[in-house]
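Descriptive structure summary
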Amino acid sequence: MSEEAIKSISGPSPDWIQCVPLCSNPVDWILSSNEIERELRGLITEHRQHLGLVTVWDDELSYMLTPALASYEMERVTGAQFGNDEFQQAIRRAVPDGQSFKGFPIQFLHRSAKKAFVTAIRNDICDGIVSCRGDQVQMAVRVRVFTYPENACVTWIMFACKSPCTLR
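Quick summary incoming for the structure in this document. Given the structure is predicted, the values throughout are model-derived calculations rather than measurements. (Residues numbered from 1 in each chain as written. Predicted model: local features only at pLDDT ≥ 70, side-chain atom pairs only at ≥ 80, totals over all residues. Heavy atoms only, no water.)

For the rest of this paragraph, the subject is the pattern of salt bridges. Using the criterion set out here, one finds five salt bridges in the structure. Residue D59 is joined to R41 by a salt bridge in which the shortest nitrogen-to-oxygen separation is 2.7 Å. Of the two residues, D59 sits in helix α4 (residues 59-64) while R41 sits in helix α3 (residues 29-50), which places them 18 residues apart along the sequence. The residue R76 makes a salt bridge to E73 at a minimum N-O spacing of 2.6 Å. On the criterion of helical spacing, the pair formed by R76 and E73 is a turn pair, its members being three residues apart in helix α5 (residues 66-78). Take R76: its relative accessible area is 41%, and that puts it in the partly exposed class. Residue class for E73 comes out buried when judged on its relative accessible area of 2%. (Salt bridge = Lys/Arg side-chain N within 4 Å of Asp/Glu carboxyl O. Helix = DSSP H or I, 4+ residues; strand = E, 2+ residues; numbered from the N terminus. Buried < 20%, exposed > 50% of the residue type's maximum accessible area, 1.4 Å probe, protein only.)

Okay, the packing of aromatic side chains next. Per the counting criterion, the structure on display carries one aromatic pair. With a centroid separation of 5.5 Å and an interplanar angle of 40 degrees, the aromatic rings of Y72 and W156 are classed as tilted. Here the residue Y72 occupies a position in helix α5, and W156 occupies one in strand β3 (residues 152-164), the gap between them amounting to 84 residues. Relative accessible area serves as the criterion here: at 23%, Y72 is assigned to the partly exposed category. Exposure remark for W156: the relative accessible area of 11% places this residue in the buried category. When the ring centre of W29 is taken as reference, the NZ or CZ atom of R144 above it lies at 3.7 Å. Seen from the ring of F146, R144 lies directly overhead, with NZ or CZ sitting 4.0 Å from the centre. (Phe/Tyr/Trp six-rings, centres within 6.5 Å; stacked < 30°, edge-to-face > 60°. Lys NZ or Arg CZ within 6 Å of the ring centre and 35° of its normal.)

By themselves these figures say nothing about function.
This is how it looks when you write it as structure tokens:
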């Protein structure tokens, strides 16, 4: 459709709309994501030590959580879901037969690892993941900070573990 046709329907836009610049976000999302993730690993390890549990980290599983966090934010922003099937297939390949995967994604509008952990651990599902017991439990956590203009940030965190299946 031509520009003239659009203007004839909607009318001219005010001049001030085109003149208002948005401030860029100074936050380095990569450094921020890595720092929060490092702090969360320490908090999870400390929490598990208080429960008498050993913490073994699965870095490969943590890495595989990254596309899911991007997908969750894209769905939140656009309303369109994508990448879920590929994520599920990657997890199925990473988790051997006889083991199960548990994951808990959560979103925050701040970048405080401590506040995020305290809030997340109140959820029974997240607490079950972080406090998972067993000889072969492997933990994973992934953080992705998304930055937007005017210093807005969104932090997505996925807490996860893989452990042997228990028959009941």
